[in-house]
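Structure at a glance
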Amino acid sequence: MKTKIKLPQKNLTQSHKDTKKGQVKNSSLNVEKIRKDFPILKQKVHGKPLVYLDNAATTQKPLVVIETLDKYYREYNSNIHRGLHLLSEKATAAYEAVRLKAQKFLNAADSKEIIFTRGTTEGINLVAQTWGRKNVAAGDEVLVTNMEHHSNIVPWQMLCEEKGSTLKVVPINDAGELLMEYLKKLLTPKTKILAITHVSNALGTVNPIAEIIKLAHSKGVKVLVDGAQAVPHLPVDVQELDCDFYVFSGHKLYGPTGIGVLYGKYALLDAMPPYQGGGDMISSVTFEKTFYKKPPYKFEAGTPHIAGVIGLGTALDYVGKIGLGNIASQEQDLLAYGTKKLSEIPGLKIIGTAQHKAGVLSFTLGEIHPHDIGTILDRQGVAIRAGHHCAQPVMERFQIPATARASFAFYNTRSEIDALAKAIRKVTEVFK
Ligand code: C6P
């Protein structure tokens, strides 16, 4: 298996300079200042300064998000859409205001197209269990890719098992890029939906999603995009993409855990049966018949994660203030610098060398098990993830059991990447 490393076309020394303290400062982002927004980054682990490079698993939270949660519980904790009292009115207004923020964030046509979920996983399950159960029948096909997270495989597999339909898989090349000619071939009259990740969590590949959606639509195939690893790193416009569904998790976007967003085109949402039954999703209930509310409420049964939604709103504001363009440029610099630094380490092999990548560096180091790499790095204060990253088919494709994975956020610095490289070299020494 051949892998070729292609560095992003960027002049590293011109656009970024290390300051005296080793922090990166560039024309658009003052990372040293930004880091002060994240209280957790100040700490030491195992007596060493924390170098947090596990951002694809979850990002750290800025103080404004933490304070938003604190304020909600201290000052206006209340159930929403139900009470006539002031606290409930305040909580309802704050909750619904975030729907508008999420609409703006994704540039959805209407706030009714925004459904709050527990996260990406629940968003995909919701679509598979509602749209999928209604529209996918025996003999039909559901198309996914070889680089999907388990969350975008298993719900479709469950649906296919139930319906007697077939799950088809678009293969990837040695760099971790989709094989477009296979994608074209696999979009057949039997295909009902293509469920595809925008950015791979295990490889970092950024898929040409606009082109793919166009292709699928030209064959009459609906498209669900898993945006879990995309929205924290690049601007997304669902109207421009013309995707049918788009899902993401708040916790990877500097927001709280347990909250996410499902975007769906209104006509599709309106025609879908509900996901769960319960309070707040009905217009009337009798033992004979229940009538449901219109979207989005039809899909938000029970008391939702009110604090999570409100916290997500603050995270969206925070990211908006920093600017996804600035975030992307900072992270691309880290990716290029990290790729160069890690490639210099003897025996280290980067898994995922696509032309277009987000800030993810998955790697193996000779015969050393990635779990050992992760443990030794942790002792040096460097937090990464090791394992299959809930993407076992990716590991199978590259014939490896696991990788070690460093993933970047805009608050990371080149000096942290130096610390990562130093810690990896230590792993090699330990195993000599
Ligand atoms: N990936 C990682 O370390 P939830 O758990 O629902 O917030 O997100 C699931 C999910 C779906 N799709 C992609 C592309 C993802 O990366 C993830 C979460 C984390 O890579 C945890 S496994």
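Everything here concerns the structure above.
Values in this document were obtained by computation on a predicted structure and should not be read as measured data.

This paragraph deals with the sheet that holds strand β12 (residues 260-264). The mixed open sheet is built from seven strands, whose spatial order is β6-β12-β11-β10-β9-β7-β8. Bordering the open sheet on either side are β6 (114-117) and β8 (166-170), each of which pairs with just one other strand. Put simply, the sheet's adjacent strands are angled 20 degrees from each other on average, direction ignored. When β6 meets β12, the two strands line up antiparallel, connected through four bridges. Counted as the bridge partner of F116 is V261 from β12. Of the strands in this sheet, β6, β9 (191-197), β10 (222-226), β11 (245-249) and β12 are in contact with helix α5 (residues 120-135), which crosses β11 at around 155 degrees.

Ordered by their spatial adjacency, four strands build an open sheet running β15-β16-β19-β18, and the pairing between neighbours is antiparallel. Every other strand in the sheet has two partners, leaving β15 (348-351) and β18 (385-387) as the edge strands with one partner each. Averaged over all pairs of adjacent strands, the angle between their axes in this sheet comes to 30 degrees, without regard to strand direction. Two strands pair when backbone bridges link them, and β18 and strand β19 (residues 403-407) are joined in this way by three bridges, in the antiparallel orientation. The residue of β19 that forms the bridge with G387 is T403. Against the sheet, helix α12 (residues 324-343) touches β15 and β16 (360-365), its axis set at about 10 degrees to β16.

In summary, the side chains of a regular strand alternate between the two faces of the sheet. Relative to β8, strand β7 (residues 141-145) is paired through five bridges, and the arrangement is parallel. Within β8, the position partnered with E141 by the bridge is T166. For the crossover from β7 across helix α6 (residues 154-163) to β8, the handedness is right-handed.

With that out of the way, let us pick up the packing of aromatic side chains. Applying the stated criterion to the full structure yields 13 aromatic pairs. Centre to centre, the rings of Y95 and F116 are 5.3 Å apart; their planes meet at 65 degrees, and the pair counts as edge-to-face. Here F116 lies in strand β6 and Y95 lies in helix α4 (residues 86-106), a separation of 21 residues in the sequence. We note that Y95, like F116, is buried. Between W131 and F245 the ring centres are 6.4 Å apart and the planes differ by 70 degrees, which places this aromatic pair in the edge-to-face class. Taken as a pair, W131 in helix α5 and F245 in strand β11 lie far apart in primary sequence, 114 residues in all.

Here the focus is the packing of α4 against helix α11 (residues 306-322). Packing of α4 against α11 brings their axes to within 9 Å, and their N-to-C directions diverge by 40 degrees. Considered as vectors, α4 and α11 are oriented oblique to each other. For the element pair α4 and α11, the recorded crossing hand is left-handed. For the pair α4 and α11, the contacting residues are A91, A94, Y95, V98, K101, A102 and F105 in the first and I306, V309, I310, L312, G313, L316, D317 and V319 in the second. For the contact of α4 with α11, the residue count by class is 12 nonpolar, one polar and two charged.

So, how was this worked out
- Residues numbered from 1 in each chain as written.
- Predicted model: local features only at pLDDT ≥ 70, side-chain atom pairs only at ≥ 80, totals over all residues.
- Heavy atoms only, no water.
- Pairing = 2+ DSSP bridges.
- Helix = DSSP H or I, 4+ residues; strand = E, 2+ residues; numbered from the N terminus.
- Axes fitted to C-alpha atoms, helices over the stretch in contact; angles between N-to-C directions.
- Contact = heavy atoms within 4.5 Å.
- Right-handed = clockwise from strand over helix to strand, strands pointing away.
- Phe/Tyr/Trp six-rings, centres within 6.5 Å; stacked < 30°, edge-to-face > 60°.
- Buried < 20%, exposed > 50% of the residue type's maximum accessible area, 1.4 Å probe, protein only.
- Parallel < 35°, antiparallel > 145°, perpendicular 65-115°, else oblique.
- Left-handed = near helix turned anticlockwise from the far one by under 90°.
- Nonpolar A, V, L, I, M, F, W, Y, C, P; charged D, E, K, R; others polar.

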